[in-house]
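Structural characterization, general
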Amino acid sequence: MADTLTLALRPTRPRRRVAVASWIPFGLLALIVLACVLAPVLAPFDPAAQSPDRFAAPSAVHLFGTDELGRDLFSRVLYGGQLTVFIAGGATLVAMVLGIAWGMAAAFGRGWIDEILMRLADTVMAIPQILFALVFISAFGADPVKLAVIIGVLLTPTTARLVRSSVLSELQEDYFTAAVAFGSPRRRLLFAEVLPNARGPIVVQAAINAANAILLEASMSFVGLGIAPPEATWGTLVQQGYQKMYQSIGYVLFPALFIFVTIWLLNVLADQFGGDRKGKGR
């Protein structure tokens, strides 16, 4: 009886036809990620292979030119993107797992539990992320896995606040109140009803987290807190290219362009999905 009533009172969200143009950002983002994942196949050169042709201009042989050691920049950007995608994806996963658990605990705990968890989130968010990153990297190092975890932890408080807000909104819905009144277990309602209905804002936050993770990794690399050579992310390439900007503008331009376009596409997708959810109503 409770399940039937829950289904009857659950807010309906009419389906919308997705415009073809809205798939373009997703397709472009998928293309960039796929190119980075397939770097061993697509890269024309070994990213560590050196040659006498230093600071070469973009050409048919070297699409993005070469760096100070004669290494092919196109190959380095693809392999650097592989690390950047891994770090951003891992950080997003860590932030979503911890943030969802944190936010749901605050929303369901109410009272002093909610107060402690949210004040802790406010405290962490008040401190510049780069300072936390400096402390964590000094303590644990800066390999890709550790960077993903560190950045994910830094993005957790904002995720937790968003999840808490979304869950609290669902707890005010008639379907939840009716299900509780008819004796449905709260834990079952949490995972079977509340969390699925709150997935819209959570998916949007995941896209925002991915964009912020790329930007944060690039910022950390630019100040020397990123991946150590000979490995390189897009942020590392920007940092190295900035030092050689007068010898080769493409050295800093191309990785920076990939960072900009990827973050822009993620934000466009977040805006589109968030706009669709608002347009659907409840």
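Under an unreviewed UniProt entry, the name given to the protein is ABC transporter permease, and the organism recorded is Microbacterium paraoxydans. For the protein, the Sequence similarities (unreviewed entry) comment in UniProt is given as "Belongs to the binding-protein-dependent transport system permease family." For the protein, the Subcellular location (unreviewed entry) comment in UniProt is given as "Cell membrane".

Per the secondary structure count, the protein includes 12 helices and zero strands. Beginning at the N terminus, the succession of helices and strands in the protein can be written as α-α-α-α-α-α-α-α-α-α-α-α. Burial status across the protein gives 44% buried among its 282 residues. Excluding contacts between residues fewer than 6 apart, the proportion of contacts in the protein whose partners are at least 24 apart in sequence is 71%. If you sum the accessible surface of the protein, you get close to 14600 Å²; carbon and sulfur atoms cover 67% of it.

On the UniProt side, "transmembrane region" (unreviewed entry) is annotated at positions that read residues 20–43, 83–108, 120–141 and 248–270 here. For residues 83–108, the end-to-end C-alpha separation is 37 Å, with 100% helix and 0% strand making up the annotated structure.

Once that is clear, we can look at the packing of helix H4 (residues 73–109) against helix H7 (residues 144–171). Packing of H4 against H7 leaves a shortest axis separation of 4 Å and a crossing angle of 35 degrees. The two elements H4 and H7 cross, and the hand of that crossing is right-handed. Residues belonging to the contact of H4 with H7 are distributed by class as follows: 28 nonpolar, six polar and one charged.

Attention shifts here to the pattern of salt bridges. One pass over the full model with this rule turns up eight salt bridges. Between Arg119 and Asp122 there is a salt bridge, with the nearest N and O atoms lying 2.7 Å from each other. Of this pair, Arg119 and Asp122 both sit in helix H5 (residues 111–126), three residues apart, which is roughly one turn of the helix. Arg161 is the partner of Asp122 in a salt bridge, and the nearest nitrogen-oxygen pair spans 2.8 Å. Taken together, the positions of Asp122 in helix H5 and Arg161 in helix H7 put the pair 39 residues apart, joining distant regions of the chain. The partly exposed category is assigned to Asp122, whose relative accessible area is 30%. Through salt bridges that share partners, Asp67, Glu68, Arg71 and Arg76 make up one connected network.

Attention now goes to unusual backbone geometry. Phi angles above zero are rare outside glycine, and Phe55 is one such case at about 50 degrees. Of note, Phe55 is situated in the loop between helix H3 (39–42) and H4.

Turning next to H5. Its 16 residues give H5 an end-to-end C-alpha distance of 23 Å, which sits within 8% of 22 Å, the value for a rise of 1.5 Å per residue. Along H5, the residues classified as buried are Asp114, Met118 and Ala121. Angular distribution of buried residues about the axis of H5 spans 55 degrees; they occupy a single face of the element. Across H5 from its buried face, at more than 90 degrees, point the exposed residues Trp112 and Ala126. Where H5 is buried, its residues meet H4 and H7.

Criteria and thresholds
Each chain carries its own residue numbering, running from 1 in the written order of its sequence. Side-chain atom pairs in this predicted model are given and counted only at pLDDT of 80 or more, local residue features only at pLDDT of at least 70, and totals for whole chains, interfaces and linings cover all residues. Neither water nor hydrogens contribute to the side-chain values; these are computed over all heavy atoms in the structure. UniProt positions are given in the numbering used here, feature names are shortened, and annotations may be inferred rather than shown by experiment. For the purposes of this entry, the term helix denotes a DSSP run of H or I that reaches at least four residues, the term strand denotes a run of E that reaches at least two, and both are numbered from the N terminus. Throughout, exposure labels follow a simple rule: accessible area from a 1.4 Å probe, protein chains only, divided by the maximum for the residue type, with under 20% read as buried, over 50% as exposed, and the rest as partly exposed. In what follows, residue pairs with any heavy atoms lying within 4.5 Å of each other are defined as contacts. Areas reported here follow the Shrake-Rupley algorithm with a probe of radius 1.4 Å; residue values treat only the protein chains shown as occluding. Axes here refer to lines fitted to C-alpha atoms; in helices the fit is confined to the stretch in contact. Angles between the N-to-C directions go from 0 to 180 degrees. The sense of a crossing depends on the near helix, which, turned anticlockwise from the far helix by less than a right angle, makes the crossing left-handed and, turned clockwise, makes it right-handed. Under the scheme applied, nonpolar residues are Ala, Val, Leu, Ile, Met, Phe, Trp, Tyr, Cys and Pro; charged residues are Asp, Glu, Lys and Arg; polar residues are all the others, including Gly. The salt bridge definition used is simple: a Lys or Arg side-chain nitrogen within 4 Å of an Asp or Glu carboxyl oxygen. The span you would expect from a helix comes to 1.5 Å times its residue count less one. It is the directions from the helix axis to the C-beta atoms whose arc is reported.

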